[in-house]
Amino acid sequence: MLAQAAYGPLCAGAAALSPAAAAAAAAGSGAAAAMALGEGGGSRLRRQLESGGFAAGEYVKQLSQQLDGDRDLQEHRQRIQALSEETAQSLKRNVYQNYRQFIETAREISYLESEMYQLSHILTEQKGIMEAVTQALLLQADRDDPALGARRAAADPFLPLSAKEAAASEEGRQRTLTTLLEKVEGCRDLLPESPGKYLVYNGDLVEYDADHMAQIQRVHAFLMNDCLLVATALPNRRGAYRYDALYPLDGLAVVNVKDNPPMKDMFKLLMFPESRIFQAENAKIKKEWLEVLEETKRNRALSEKRRLEQEALPRPAPTPPESTNPFEEDEEEEEEEPSAEEEVVDLSLEWIQELPEDLDVCIAQRDFEGAVDLLDKLNEYLGDKPVSQPVKELRAKVDERVRQLTDVLVFELSPDRSLRGGPRATRRAVSQLIRLGQSTKACELFLKNRAAAVQTAIRQLRIEGATLLYIHKLCHVFFTSLLETAREFETDFAGNNGCYSAFVVWARSSMRMFVDAFSKQVFDSKESLSTAAECVKVAKEHCKQLSEIGLDLTFIIHALLVKDIKGALQSYKDIIIEATKHRNSEEMWRRMNLMTPEALGKLREEMRSCGVGNFDQYTGDDCWVNLSYTVVAFTKQTMAFLEEALKLYFPELHMVLLESLVEIILVAVQHVDYSLRCEQDPEKKAFIRQNASFLYETVLPVVEKRFEEGVGKPAKQLQDLRNASRLMRVNPESTTSVV
């Protein structure tokens, strides 16, 4: 039966170790199994199980026939199990060794993909430049010889679309635009008719979701010489559309989407801060859309450049009518001076003309430093120039890009983004916001980001094990994050002294969040006073680390913890008083018999640790102590309370600690005084006097001395209590305690 019971697990272990095995030859398998049981059988067993023709069922069947008894089966099963565990460990080590290489390879692939995208974009731009140069030469030739241009247009049906449109009449363009306005509902007010606006290209497209690549809707796109109109088809009207969106070509970027079947023939339109993906009917139409969009954008940029150049040219001033006022000459001279200065502003430079598009590219590629560098270059160039109308128009375009860049940087610092990477991960966005002159917003967003990161780190801490262990982890996480944030803040805002007050306010609010988590775990869970004292000590030690950067938050943590510590001291004081009263009610005024020398030695060590150095004079022969159990227990409990309370001490707790000590001591002193007055037996009365002497002359001075050492100043209330205790009187006829 044992052999049959071992058959199943043994077969399962062998099959798990070699899952890809095929059929095995029955002959020889039993002999191989017997050889595997020897001292050198481990390697043979491994080779046999790793063989391609291994069959687990047949192997176990032959093994059960050859081996003697269940013990051999169990031993062989253990060998297979050990071999399986060894194989699993080896596989795990290989996975761990290759994991880092896999991560690095994935990162390199990501970098390579980004570089390939940039290279594709550069090649597309170069192609567009070459086509623009060719088109400009053809247009110049057509302008010089109209007959030649007409022959070329008639002979070449594939002439670029823009050249054909250039040959079209203004009347035809206006008629096409009017037809467009009649087809699309809701665009007449947004797209007014103007002499210079005409239709370049249009066609049906399918829009897809950018995240999930799910089909959204069918649209019809109308490309004009200065904008792109997207409209959706009306369900019950053929050839009619409803307005969906209108995008100026100045802020539009076109990106080719690589074919990934079944998703193919797609391209992406980037309009900060959104993007849309469209699918053309086939590859040819997709290519036409990409080429026409790029060509129309270039034509738009060239026409804008020519317009600015014409506006920058000096214009002859109109001749004013003659006037007989002699004072008008001086006024005219003063008015002509600014106009002369305005003519000096040269906005025809290539980098200025391409500045809005360059800013769009930098924002799309997340090149924040490059975008701010371009803005600094423009501000430096226009710094001492007069503000003319072309400059105002350029400023308006640039300000729109600045708002877009600011929105992207604000999103980078928002708590909704990933909080990994620590404070340094925010340095890039913060530094660029500061360069844009928005240091206040950068400071606010940086501190909000770090507050969310600290709060998330605290929430992720697992509450397990002892409270002190959790507090160590909590303090390490919080104060390390606070220290790193302070250092990063000092690095980022070194030249902005006005932001430091905001950091102090943030540190105080963060400390309040820390104290809430601290108090919930230490004080709300009713931990012992010793545990609470150790936890507060750990928090204070971590708080002192902030002094490395000149930040002292000790007074803040004291102010936030004072209420909870007062409650803990009063609660523990009440426990001691109740325990003392209970012992007093059962007091028989008998000497303590510790029974063994070891117990007596242990008591001596405990009293010595409490500060009672002359305890030996109260010990007798044969393990007897000439004190009552109540007085000894009171001494140990009171000194333990004082030691733990001094760990929690700071000036705001002085009176609370002192009043608690006085209340605890009064319970014992009044009980001894009352017993001394009421006891009639001479021997017991002498024993009570001995206990009273121990309290007055030994315990109370030790309490006073230790309190003065821990606090730094003497306690007059304790001195008055010790001096007045000898003069206490109670009613001799009373039979109840005055406590």
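A. Representation of the overall build of the protein chain within the structure. The helix and strand tally for the protein chain stands at 25 helices and 10 strands. Long-range contacts, defined as pairs at least 24 residues apart, comprise 68% of the intrachain contacts of the protein chain with a sequence gap of at least 6. Summed over all atoms, the accessible surface of the protein chain reaches about 42,800 Å², with 52% contributed by carbon and sulfur.

B. Structural context of a nonpolar patch on the surface. A cluster of nonpolar side chains, contributed by Leu112, Met116, Leu119 and Leu123, occupies part of the molecular surface with about 400 Å² of accessible area. Looking at where Leu123 falls in the secondary structure, it is placed in helix α5 (residues 69-144).

C. Up close: the pattern of salt bridges. Enumeration according to the criterion identifies 21 salt bridges in this entry. A salt bridge links Glu412 to Arg366; the shortest N-O distance between them is 2.6 Å. Here Glu412 is found in helix α14 (residues 389-413), whereas its partner Arg366 is found in the loop between α12 (355-364) and α13 (368-381), with 46 residues between them in sequence. One salt bridge in this structure joins Asp373 and Arg435, with 2.5 Å as the shortest N-O distance. Of this pair, Asp373 sits in helix α13 while Arg435 sits in helix α15 (residues 427-435); the two residues are 62 residues apart in sequence, bridging distant segments of the chain. Look at Arg435 and you get partly exposed, because its relative accessible area is 36%. Through salt bridges that share partners, Glu207, Asp244 and Arg276 make up one connected network.

D. Looking closely at helix α21 (residues 597-609). The end-to-end C-alpha separation of α21 is 18 Å, in line with the 18 Å expected for 13 residues at 1.5 Å each. Within α21, the full set of buried residues consists of Leu600, Leu603 and Met607. Each buried residue of α21 lies within a common arc of 60 degrees when the element is viewed along its axis, so the set occupies one face. More than 90 degrees from the buried face of α21, the exposed residues found are Glu598, Lys602, Glu605 and Ser609. Along its buried surface, α21 packs onto β9 (592-593), β10 (624-625), α22 (629-647) and α24 (682-711). Downstream of α21 by one or two residues, Gly611 has phi in the positive range, about 100 degrees.

E. Inspection of unusual backbone geometry at higher detail. Of note in this structure, Asp265 is not a glycine but carries a positive phi near 60 degrees. Looking at where Asp265 falls in the secondary structure, it is placed in the loop between β6 (253-256) and β7 (266-271). Its relative accessible area of 10% is what places Asp265 among the buried residues. Phi angles above zero are rare outside glycine, and Met595 is one such case at about 75 degrees.

F. Here's a closer look at the sheet that holds β6. Taken in spatial order, the eight strands make up an open sheet running β1-β5-β4-β3-β2-β8-β7-β6, and their pairing is mixed. The outermost strands of the open sheet, each flanked by one partner alone, are β1 (184-185) and β6. Note: strand β4 (residues 227-233) against strand β5 (residues 241-248), seven bridges, orientation antiparallel. The residue bridging Leu228 from the neighbouring strand is Tyr247, located in β5.

G. Geometry of the confidence of the model for the protein chain. Summarising the model, the protein chain shows a mean pLDDT of 77, and 80% of its residues fall at 70 or more. Mean pLDDT values for the elements of the protein chain range from 38 in helix α2 (residues 29-36) up to 90 in strand β3 (residues 215-224). For the stretch residues 727-739, pLDDT sits under 50, and the model shows 21 contacts to residues farther than four places along the chain or on other chains.

H. Molecular detail of the nonpolar core. Counting 125 residues, the largest nonpolar core has Met511, Phe514 and Phe518 as the members making the most contacts within it. Every residue in contact with Met511, bar those within four places of it in the chain, is listed here: Phe478, Phe479, Cys543, Leu553, Ile556, Ile557 and Leu560. Counting 23 residues, the second-largest nonpolar core is a separate cluster that includes Tyr198, Ala221, Leu223 and Val254.

I. How the structure looks around the side chain of Glu412. Of the residues examined, Glu412 reaches a relative accessible area of 19% and is grouped as buried. A polar contact of 2.6 Å, which involves the side chain of Glu412, links it to the side chain of Arg366.

J. Representation of the environment of Asn614 in the model. Note that Asn614 resides in the loop between α21 and β10. Residues Asn614 and Arg604 lie 10 residues apart in sequence; the distance between their C-alpha atoms is 9.7 Å.

K. A look at a negative patch on the surface. Side chains of Glu125, Glu350, Glu354 and Glu357 sit close together on the surface and give a patch of like negative charge. By secondary structure assignment, the location of Glu125 is in helix α5.

L. Geometry of the packing of helix α18 (residues 500-522) against helix α20 (residues 554-585). Between α18 and α20, the least distance of the axes is 10 Å, while the angle of their chain directions is 30 degrees. Classed by the angle they form, the pair α18 and α20 counts as roughly parallel. For the pair α18 and α20, the sense of crossing is right-handed. Residue-level contacts link Arg508, Met511, Arg512, Phe514, Val515, Phe518 and Ser519 of α18 to Ile556, Ile557, Leu560, Leu561 and Asp564 of α20.

M. Region of the structure containing the environment of Tyr247. As for its placement among the helices and strands, Tyr247 is situated in strand β5. Sequence separation of Tyr247 and Met271 is 24 residues, and the distance between their C-alpha atoms is 7.6 Å. Setting aside residues no more than four positions away along its own chain, Tyr247 makes contact with Cys227, Leu228, Val230, Leu252, Met271, Glu274 and Arg276. Here the side chain of Tyr247 touches Arg276 through a polar contact of 2.8 Å, side chain to side chain.

N. View of the side chain of Arg583. Here Arg583 is to be found in helix α20. The buried charged residue Arg583 lacks any salt bridge partner; its closest oppositely charged side chain belongs to Glu587, at an N-O distance of 7.5 Å.

O. The arrangement of α12 in detail. Listing the buried residues of α12 in full gives Leu355, Pro356, Leu359, Asp360, Cys362 and Ile363. Taken around the axis of α12, the buried residues stretch over an arc of 165 degrees, which confines them to a single face. Contact partners of the buried residues in α12: α11 (350-353), α13 and α14. One or two residues past the end of α12 sits Arg366, with phi positive at roughly 60 degrees.

P. Fine view of the pairing of strand β8 (residues 274-279). Judged from the three bridges that link them, strand β2 (residues 199-208) and β8 form a sheet pairing that is antiparallel. Bridge pairing links Val206 to Gln279 in β8. Between β7 and the antiparallel strand that follows it, β8, lie two residues.

Q. Examining the environment of Ser675 more closely. As for its placement among the helices and strands, Ser675 is situated in helix α23 (residues 654-678). Expressed as a C-alpha distance, the spacing of Ser675 and Arg689, which sit 14 residues apart in the sequence, is 9.6 Å. Every residue in contact with Ser675, bar those within four places of it in the chain, is listed here: Trp589 and Ile688. In terms of polar contacts, Ser675 uses its side chain to reach the side chain of Trp589, at 3.4 Å.

R. Just the packing of aromatic side chains, in detail. A full pass over the atoms with the stated rule returns 18 aromatic pairs. Seen from their ring centres, Phe478 and Phe479 are 5.0 Å apart, and the 80 degrees between their planes marks the pair as edge-to-face. Taking the relative accessible area as the measure of exposure, Phe479 reaches 1% and is therefore buried. Site record: aromatic cluster; members linked through ring pairs are Phe446, Phe489, Phe493, Tyr500, Phe503 and Trp506. When the ring centre of Trp351 is taken as reference, the NZ or CZ atom of Lys377 above it lies at 4.4 Å.

Rules used throughout
Residues numbered from 1 in each chain as written. Predicted model: local features only at pLDDT ≥ 70, side-chain atom pairs only at ≥ 80, totals over all residues. Heavy atoms only, no water. Helix = DSSP H or I, 4+ residues; strand = E, 2+ residues; numbered from the N terminus. Contact = heavy atoms within 4.5 Å. Areas by Shrake-Rupley, 256 points an atom, 1.4 Å probe, with all protein chains shown as cover. Patch = residues over 30% accessible without salt bridge, like charges linked within 9 Å, V, L, I, M, F, W, Y side chains within 5 Å. Salt bridge = Lys/Arg side-chain N within 4 Å of Asp/Glu carboxyl O. Buried < 20%, exposed > 50% of the residue type's maximum accessible area, 1.4 Å probe, protein only. Expected span 1.5 Å × (residues − 1). Arc of directions from axis to C-beta. Pairing = 2+ DSSP bridges. pLDDT = per-residue confidence, 0-100. Core = buried A, V, L, I, M, F, W, Y, C linked by side-chain atoms within 4.5 Å. Polar contact = N/O pair within 3.5 Å; in protein donor to acceptor, adjacent residues only side chain to side chain. Lys, Arg positive; Asp, Glu negative; His and termini not counted. Charge placed at Lys NZ, Arg CZ, Asp CG, Glu CD. Axes fitted to C-alpha atoms, helices over the stretch in contact; angles between N-to-C directions. Parallel < 35°, antiparallel > 145°, perpendicular 65-115°, else oblique. Left-handed = near helix turned anticlockwise from the far one by under 90°. Phe/Tyr/Trp six-rings, centres within 6.5 Å; stacked < 30°, edge-to-face > 60°. Lys NZ or Arg CZ within 6 Å of the ring centre and 35° of its normal.

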